[in-house]
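# Descriptive analysis of the structure
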Amino acid sequence: MPPGLWLFDLDGTLIDSAPGIHASIDHALAALGQAPLPAAQLPQWIGPPLRESFARVLPDAAAVETAIARYREHYAAQGWAAHRVYPGIPELLRQLGDGGAQLAIVTSKVERYARQIVQAAHWGQHFRAVYGVGAASAHSEKAAQVAQALRDFAVSAADAAMLGDRHYDIAGARANGVQALGALWGYGTRAELLDAGADAVFATPAALAQWATSGATRASTQDLHP
């Protein structure tokens with residue numbers, strides 16, 4: 001049988017959140033007299049913790065904390081709503097839920113923002129839990145979040161899968177022995193996901209939906225298409 005517990009990353013997996021994140025980054029950089037973030041660099045910022053990303057372009061820890069505050073100021077007011085759900089995601093979630101699977105979100109986004117997004121979305125009803133990070137988080141917490149989800153749902157690692165678009169998601173799954181699945185429609189690359197140890201990468205949500213109904217127990221390391 002396919003996994004009984006599905007853990008989903010949020011940004012780059014369920015939603016394309018680039019517009020809101022980019023606007024909030026630029027708001028923060030402008031407050032510090034910095035140039036806007038070039039669009040080509042944005043994918044590098046979606047997935048890692050904000051403190052890690054701002055530290056690459058700002059001179060010291062104090063500037064990073066100021067940038068974080070300004071980012072969240074903008075994101076709380078309007079950035080969180082500037083996103084779109086990826087085509088095929090609502091259908092995938094409905095299929096998994098109708099099949100009896102339990103669904104949860106595991107994200108590096110601050111938990112209150114993640115909950116705000118999920119609660120406002122019509123597809124949010126499919127999720128029984130949201131695991132985000134605290135406002136002071138400075139590092140990826142995916143491994144600890146996945147472990148907590150396994151405990152909360154009382155599910156073995158062999159009966160769970162984690163879907164994400166960045167290496168942080170794959171690493172969090174592998175640290176817990178959970179099946180690690182890569183989403184190629186997000187911000188990461190095929191090479192990044194496979195190098196991190198993804199069991200399989202999927203070209204579209206429809207490809208994942210097809211695999212989930214195929215009766216397979218483990219995905220093999222390959223691109224899967226609808």
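You'll find the structure just up there.
Below: a short report on this structure. (Residues numbered from 1 in each chain as written. Predicted model: local features only at pLDDT ≥ 70, side-chain atom pairs only at ≥ 80, totals over all residues. Heavy atoms only, no water.)

### Quick look at the packing of aromatic side chains
For the structure on display, the rule yields nine aromatic pairs. Note on Trp 6 and Phe 8: the rings are 6.3 Å apart at their centroids and 25° apart in plane angle, and the pair reads as stacked. Taken together, a centroid distance of 6.5 Å and an interplanar angle of 75° make the contact between Phe 54 and Tyr 71 edge-to-face. Of the two residues, Phe 54 is situated in helix α2 (residues 50–55) and Tyr 71 in helix α3 (residues 61–77); the sequence distance between them amounts to 17 residues. In this structure Phe 54 comes out as buried when scored by relative accessible area, which is 0%. Within the aromatic cluster, the residues linked to one another by ring pairs are Trp 6, Phe 8, Trp 123, Phe 127, Phe 202 and Trp 211. (Phe/Tyr/Trp six-rings, centres within 6.5 Å; stacked < 30°, edge-to-face > 60°. Helix = DSSP H or I, 4+ residues; strand = E, 2+ residues; numbered from the N terminus. Buried < 20%, exposed > 50% of the residue type's maximum accessible area, 1.4 Å probe, protein only.)

### Observations concerning the nonpolar core
Among the nonpolar cores identified, the biggest contains 54 residues, and Trp 6, Phe 8, Leu 14, Ile 25, Phe 54, Trp 123 and Leu 181 are the most heavily contacted of them. No other element matches α3, which puts six residues into this core. Setting aside anything within four residues of it in sequence, one finds Trp 123 in contact with Leu 10, Leu 14, Ile 15, Val 85, Pro 90, Leu 93 and Val 118. Counting residues in hydrophobic clusters, the runner-up holds 20 residues, among them Leu 7, Ala 104, Tyr 131 and Met 162. (Core = buried A, V, L, I, M, F, W, Y, C linked by side-chain atoms within 4.5 Å. Contact = heavy atoms within 4.5 Å.)

### Some details on the pairing of strand β1 (residues 5–8)
In summary, the side chains of a regular strand alternate between the two faces of the sheet. Burial along β1 is two-sided: the residues Leu 5 and Leu 7 and Trp 6 and Phe 8 are all buried. The sheet contact formed by β1 and strand β4 (residues 102–110) spans four bridges and is parallel. Within β4, the residue paired with Phe 8 across the bridge is Ile 105. The pairing of β1 with strand β6 (residues 160–164) spans four bridges and is classified as parallel. (Pairing = 2+ DSSP bridges.)

### Regarding the packing of helix α1 (residues 18–31) against α3
Packing of α1 against α3 leaves a shortest axis separation of 8 Å and a crossing angle of 135°. With respect to their mutual orientation, α1 and α3 come out oblique. Two packed elements cross with a definite hand, and for α1 against α3 that hand is right-handed. When α1 is examined against α3, the residues Gly 20, Ile 21, Ala 23, Ser 24, Ile 25, His 27, Ala 28 and Ala 31 are found in contact with a partner set consisting of Ala 67, Arg 70, Tyr 71, Glu 73, His 74 and Tyr 75. Along the lines of polarity and charge, the residues of the contact of α1 with α3 split into eight nonpolar, four polar and two charged. (Axes fitted to C-alpha atoms, helices over the stretch in contact; angles between N-to-C directions. Parallel < 35°, antiparallel > 145°, perpendicular 65-115°, else oblique. Left-handed = near helix turned anticlockwise from the far one by under 90°. Nonpolar A, V, L, I, M, F, W, Y, C, P; charged D, E, K, R; others polar.)

### Describing the pairing of strand β5 (residues 129–133)
The element β5 is extensively covered by neighbouring structure, given that five of its five residues are classed as buried. Burial of the side chains of β5 extends over both faces: Ala 129, Tyr 131 and Val 133 are buried on one face and Val 130 and Gly 132 on the other. By the bridge criterion, four bridges tie β4 to β5 in an arrangement that is parallel. Within β5, the residue paired with Ile 105 across the bridge is Val 130. The handedness of the β4 to β5 crossover, carried by helix α5 (residues 111–120), is right-handed. (Right-handed = clockwise from strand over helix to strand, strands pointing away.)

### Section: the packing of helix α6 (residues 142–153) against helix α7 (residues 167–174)
Where α6 meets α7, the closest approach of the two axes is 8 Å, and the angle between their N-to-C directions is 50°. Relative to α7, α6 is oriented oblique. Taken as a pair, α6 and α7 cross one another with a handedness that is right-handed. Two secondary-structure elements touch here, α6 through Lys 142, Ala 143 and Val 146 and α7 through Tyr 168, Asp 169 and Gly 172. Tallied by class, the residues present in the contact of α6 with α7 amount to three nonpolar, one polar and two charged.

### Observations regarding the pattern of salt bridges
In total, this model carries eight salt bridges according to the counting rule given. For Arg 84, the salt bridge is made with Asp 16, and the minimal N-O distance between the two is 3.5 Å. Here Arg 84 is found in strand β3 (residues 84–85), whereas its partner Asp 16 is found in strand β2 (residues 15–16), with 68 residues between them in sequence. For Glu 111, the salt bridge is made with Arg 115, and the minimal N-O distance between the two is 3.0 Å. Of the two residues, Glu 111 and Arg 115 are both situated in helix α5; the distance of four residues between them amounts to about one turn of the helix. (Salt bridge = Lys/Arg side-chain N within 4 Å of Asp/Glu carboxyl O.)

### Brief notes about the environment of Val 64
Mapped onto the elements of the fold, Val 64 is located in helix α3. Expressed as a C-alpha distance, the spacing of Val 64 and Ala 206, which sit 142 residues apart in the sequence, is 39 Å. In contact with Val 64, not counting residues within four places along its chain, are Arg 51, Phe 54, Ala 55 and Leu 58.

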